[in-house]
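As a plain string of letters, each chain reads:
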Amino acid sequence: GEYGPPSTEGAQIRAGWYALDIPHGTKSQDQLEPPKLLVGTEGEVYSFVAGGFTHGKSDRSLLVGINGTHLHYYTATGAADNQVIAKVLPTKFAPPVVFDIRDGETIVGPISHDKTVSLAVSPRDSSIIAVTGWPSVKMNDGIESIWVTMDAGDSWKNATGNILDGVERARPSGLLIIDFVNSHAAFANEHAQNRSSGSNQDSVSALLVGTTSGAYVSWTDKLGLWTRIGSCDQLPLIMVKGLSYEHFSDTLVAATMGRGVYVV
């Protein structure tokens, strides 16, 4: 799980990625084998992406995750001795709040806050990664920021830009990277005026993020210049916590906090 594997009292549980095999026809948890450790990490993993493309080839082994301080990157195509490469994040994010509710069972929260970090990986290039999160939960302070790396965490670019203009708290979350194979996609054409002149549209990706006032888009060749997606009639001024893009119909789906799910 993203917040650690199931623990057994008195046992030493190593942090990392675990796989749970669920055979066809399984009817109860008692029929399942315990989760198996795939790759160990030095610290916890709050959010992750599995599988993608590395060096232009499909990479089923790819694992990219983050916690409050580090980016964890693993691929069997480049990692030596199955080791995770840990890169320091350009800023620190708050850990999730965990509290007991009954009989030792825990829930990650606060319930209304969702995750404290958000991660997106380019579907066509696993070295392009975006991260954001909450700098604090208990005090509700700190500077919110969005960061992008084009080289799997070796260097970072601050993509916060104008996303904080006019709001006290943007609460950026639900990061999403959309890659376009050509310049004819309707979404790319609609927002072309915010692209830098003379850029190669075939190699530029859209970076989307949910905020307290809706969903916004920027571009990897113009990081930090954000424009709101949709009118207020299409998408109200409400906190957007999750984004999903369906490329065949060129449709963006936004999940909001208390106002339902919208399609743009």
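Everything below is about the structure shown above.
Note that this is a predicted model, so its numbers are computed, not measured. (Residues numbered from 1 in each chain as written. Predicted model: local features only at pLDDT ≥ 70, side-chain atom pairs only at ≥ 80, totals over all residues. Heavy atoms only, no water.)

**Topic: the overall build of the protein chain**
Consideration 1: In terms of regular secondary structure, the protein chain is built from one helix and 19 strands.
Consideration 2: Burial statistics for the protein chain: of 264 residues in total, 43% are counted as buried.
Consideration 3: For the protein chain, the share of sequence-separated contacts (at least 6 apart) that also reach a separation of at least 24 residues comes to 48%. (Helix = DSSP H or I, 4+ residues; strand = E, 2+ residues; numbered from the N terminus. Buried < 20%, exposed > 50% of the residue type's maximum accessible area, 1.4 Å probe, protein only. Contact = heavy atoms within 4.5 Å.)

**Some thoughts on the sheet that holds strand E19 (residues 261-263)**
Consideration 1: A sheet is described by the order of its strands in space; here three strands give the open sequence E17-E18-E19, paired in antiparallel fashion. In this open sheet, the two strands that pair with only one neighbour each are strand E17 (240-246) and E19. Direction aside, neighbouring strands of the sheet carry axes that sit 20° apart on average.
Consideration 2: In the sheet, E17 pairs with strand E18 (residues 251-256) via six bridges, with the strands oriented antiparallel. Among the inter-strand pairings, glutamate 246 is bridged to a residue of E18, identified as threonine 251. (Pairing = 2+ DSSP bridges. Axes fitted to C-alpha atoms, helices over the stretch in contact; angles between N-to-C directions.)

**Quick look at the environment of glutamine 83**
Consideration 1: Within the secondary structure layout, glutamine 83 lies in the loop between strand E5 (70-74) and strand E6 (85-88).
Consideration 2: According to the relative accessible area criterion, glutamine 83 is partly exposed, its value standing at 46%.

**Examining the nonpolar core**
Consideration 1: Judged by nonpolar contacts, the single largest core of 17 residues is most densely connected at Leu176, Ile178, Ala206, Leu208, Leu243 and Leu252.
Consideration 2: If you list the elements that add at least two residues to this core, you get strand E13 (173-179), strand E14 (205-211), strand E15 (214-219), E17 and E18.
Consideration 3: Contact partners of isoleucine 178, with chain neighbours within four places excluded, come to Ser205, Ala206, Leu208 and Tyr245.
Consideration 4: The next biggest cluster of nonpolar side chains, apart from the first, holds 16 residues, and it includes Leu62, Leu71, Phe93 and Trp147. (Core = buried A, V, L, I, M, F, W, Y, C linked by side-chain atoms within 4.5 Å.)

**A closer look at the pattern of salt bridges**
Consideration 1: Under the counting rule described, the total for this entry stands at four salt bridges.
Consideration 2: Residues lysine 87 and aspartate 154 are paired through a salt bridge, measuring 2.5 Å at the closest nitrogen-oxygen approach. On the criterion of sequence distance, the pair formed by lysine 87 in strand E6 and aspartate 154 in the loop between strand E11 (145-149) and strand E12 (157-158) is long-range, its members being 67 residues apart.
Consideration 3: One salt bridge in this structure joins arginine 171 and glutamate 144, with 3.6 Å as the shortest N-O distance. Of this pair, arginine 171 sits in the loop between E12 and E13 while glutamate 144 sits in the loop between strand E10 (129-133) and E11, and the two are 27 residues apart along the sequence.
Consideration 4: The exposure class of arginine 171 is buried, given its relative accessible area of 7%.
Consideration 5: Take glutamate 144: its relative accessible area is 5%, and that puts it in the buried class.
Consideration 6: Taken together, the salt bridges that share partners define one network made up of Glu144, Arg169 and Arg171. (Salt bridge = Lys/Arg side-chain N within 4 Å of Asp/Glu carboxyl O.)

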